[in-house]
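Below are the chains, spelled out letter by letter.
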Amino acid sequence: AAAPAAAASKRALSSAQLRGKIQALEALERRAKQPKMGQMLRQLKSSLAQFAEAEEVAAILKQMLQDIEDRLRIIDSVSASAQKSTDTMQASLIEWQTKLVDLSNARDKAKAQEQAQQLQREALAGEKKSAGETATQENAAYKLLITPYMKEIYVIQLIKSKIIDHCKA
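Owing to the predicted nature of the structure, the values given are computational and were not obtained by experimental measurement.

Undergrad: Hey, could you run me through the overall build of the protein in this one?
TA: Broken down by element type, the protein carries two helices and zero strands. For 169 residues, the compact-globule estimate of 2.2 N^0.38 gives 15 Å, and the protein exceeds it by more than 25% at 60 Å. Overall, the C-alpha framework of the protein stretches about 185 × 30 × 20 Å when taken along its three principal axes. A buried classification covers 5% of the 169 residues belonging to the protein.

What follows is the structure, encoded as C-alpha cells:
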C-alpha cells in the first residue's frame, strides 16, 4: 500500500511541475502572440486533464480490486468457518443418530422381553386356572366319595370312645 502511495505522490509532483511549466509557456505564448502555440497548449492541457482522470480511474479501480480481494478473503474465512461448523454438526448428527439407534434397539429388546414375560404370565395364569378347576373338581369328587366313609369313621370313633371309657372304668 505504501508503494502505490509513493508512486502517486511522484505523479502528483510531476503533474504540478507540468502545470507550472504550462503556465510559463502560456505566459510566453501571450508575449509572443502565436496562435499555433496557444492551440498546442490547449491540447496539452486537455491531455493533462485526461491523464489525471485516467490516474484517478486507475486508483479507483485499484481500490475496487483491493476491496474485492478483501471481501474474497472474508468470504473464504467465513466459508472455512462454516465448513468447520458443518463438519462438527455432521459428526454430532452421526453421534446422535447412533445413540438414537442404540436406544431404539434397547426399546425393541425391552418390548420383546415384556411380550415374552406377558406370554409366560398368561401361561402361568392358564395353569393356575386349570389347577384351580382341577382342585375344585377333586374337592367335589372327594366330598362325594368321602361322605359314606364319614359315617363309618364316626361310628368307629364312637365305638373307640366307648371302649376307652369301658377300659377306664
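Moving on from the coordinates now.
Undergrad: Sorry if this is basic, but what is going on with a nonpolar patch on the surface here?
TA: A contiguous nonpolar patch, built from Tyr 154, Val 155, Leu 158, Ile 159 and Ile 163 and spanning about 480 Å² of accessible area, is present on the exposed surface. Within the secondary structure, Leu 158 sits in helix α2 (residues 35-168). Residue Leu 158 is classed as partly exposed on the basis of its relative accessible area of 38%.

Undergrad: Teacher, can you tell me more about the packing of aromatic side chains here?
TA: To describe a pair of aromatic rings, you give the distance between the ring centres and the angle between the ring planes. Taken as a whole, this structure holds zero aromatic pairs when the rule is applied. Its guanidinium or amino end placed over the ring of Trp 96, Lys 99 lies 4.4 Å from that ring's centre, counting from NZ or CZ.

Undergrad: Got a minute to help me understand the pattern of salt bridges in this structure?
TA: Pairing between side chains becomes possible if they bear opposite charge and their charged atoms approach one another. All chains considered together, the criterion is met by four salt bridges. When the shortest N-O distance is used, the salt bridge between Lys 99 and Glu 95 registers 3.2 Å. With Lys 99 and Glu 95 both in helix α2 and four residues apart, this pair spans about one turn of that helix. When its relative accessible area of 35% is taken as the criterion, Lys 99 is described as partly exposed. Across the salt bridge formed by Arg 107 and Asp 108, the nearest N and O atoms sit 3.6 Å from each other. With relative accessibility at 57%, the residue Arg 107 sits in the exposed group.

Undergrad: Explain the environment of Ile 156 here, please?
TA: Secondary-structure assignment places Ile 156 in helix α2. Residue classification places Ile 156 among the exposed positions, given a relative accessible area of 55%. Linking Ile 156 and Leu 41, residues 115 residues apart in sequence, is a C-alpha distance of 164 Å.

Criteria and cut-off values
- Residues numbered from 1 in each chain as written.
- Predicted model: local features only at pLDDT ≥ 70, side-chain atom pairs only at ≥ 80, totals over all residues.
- Heavy atoms only, no water.
- Helix = DSSP H or I, 4+ residues; strand = E, 2+ residues; numbered from the N terminus.
- Rg over C-alpha atoms; globule rule 2.2 N^0.38 Å.
- Buried < 20%, exposed > 50% of the residue type's maximum accessible area, 1.4 Å probe, protein only.
- Patch = residues over 30% accessible without salt bridge, like charges linked within 9 Å, V, L, I, M, F, W, Y side chains within 5 Å.
- Areas by Shrake-Rupley, 256 points an atom, 1.4 Å probe, with all protein chains shown as cover.
- Salt bridge = Lys/Arg side-chain N within 4 Å of Asp/Glu carboxyl O.
- Phe/Tyr/Trp six-rings, centres within 6.5 Å; stacked < 30°, edge-to-face > 60°.
- Lys NZ or Arg CZ within 6 Å of the ring centre and 35° of its normal.

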